[in-house]
Amino acid sequence: MCNYVFKRRANYYETDKMGIVHHTNYIRYFEEARIDFMRSIGCSCKALEEQNVMIPVVDAYAKYHKSVLFDDEMLITPRLVKFNGAKMVFSYEIRLAETGELAVTGRTSHCFVTFDQRKPISIKRKYPDEYQAMVGHLEPEE
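It should be emphasised that the depicted structure is a prediction, and the values quoted were computed from it without experimental measurement.

Visitor: Just give me the short version of the overall build of the chain, but keep the residues and values in it.
Guide: The helix and strand inventory of the chain stands at three helices and seven strands. The linear arrangement of helices and strands in the chain, starting from the amino end, is β-α-α-β-β-β-β-β-β-α. Against the globule reference of 14 Å for 142 residues, the chain gives a C-alpha radius of gyration of 16 Å, in line with a compact fold. Among the 142 residues that make up the chain, the fraction classed as buried is 41%. The contacts of the chain with a sequence gap of at least 6 include a subset with a gap of at least 24, amounting to 68%. A total of about 8,400 Å² of accessible surface is found on the chain, and carbon and sulfur atoms cover 50% of it. Of the charged side chains in the chain, 20 are positive and 20 negative; the average position of the first set lies 6 Å away from that of the second.

Visitor: Tell me about the packing of aromatic side chains, and name the residues and values.
Guide: This model, assessed by the stated rule, comprises nine aromatic pairs. Relative to Y29, the ring of Y26 has its centre 5.6 Å away and its plane inclined at 90 degrees; by these criteria the two rings are edge-to-face. Within this pair, Y26 and its partner Y29 are both found in helix α1 (residues 25-40), separated by three residues, close to a single helical turn. Owing to a relative accessible area of 3%, Y26 belongs among the buried residues under this scheme. An aromatic cluster is built from Y4, F30, F37, F90 and Y92, whose rings are joined through pairwise contacts. One cation-aromatic arrangement involves R118 over F115; the distance from NZ or CZ to the ring centre is 5.5 Å.

Criteria and thresholds
Residues numbered from 1 in each chain as written. Predicted model: local features only at pLDDT ≥ 70, side-chain atom pairs only at ≥ 80, totals over all residues. Heavy atoms only, no water. Helix = DSSP H or I, 4+ residues; strand = E, 2+ residues; numbered from the N terminus. Rg over C-alpha atoms; globule rule 2.2 N^0.38 Å. Buried < 20%, exposed > 50% of the residue type's maximum accessible area, 1.4 Å probe, protein only. Contact = heavy atoms within 4.5 Å. Areas by Shrake-Rupley, 256 points an atom, 1.4 Å probe, with all protein chains shown as cover. Lys, Arg positive; Asp, Glu negative; His and termini not counted. Charge placed at Lys NZ, Arg CZ, Asp CG, Glu CD. Phe/Tyr/Trp six-rings, centres within 6.5 Å; stacked < 30°, edge-to-face > 60°. Lys NZ or Arg CZ within 6 Å of the ring centre and 35° of its normal.

This is a description of form; function is not addressed.
Here it is in structure tokens:
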């Protein structure tokens, strides 16, 4: 079970005319939580980019359970559920901090590619520290 939680408050500019966080922002929240999680375990996306590695999103999915409104504090839990050094998948839960209610669930899939040529790579051999950090935090789905 992942103990990592990313806290974030919904900004006014992220809401739509109905006063609800616009659906496109949840994918951004997933990204913020994922990048912060990776940094916290010693696998910095910025450091990898400086070493010619990018981690593009291959697909993204979100399911909306409860509306998040302006100024609501969210608890975002990213979980690394698949990882083999070349590809990875994260699942996410966004809960309202005040009540613990589930607001959004989702998934994103990623691969590793070289920054300059956009060719797929595995980080296992060339970046063993980052690979081990990711493997050490893998939580396969049941």
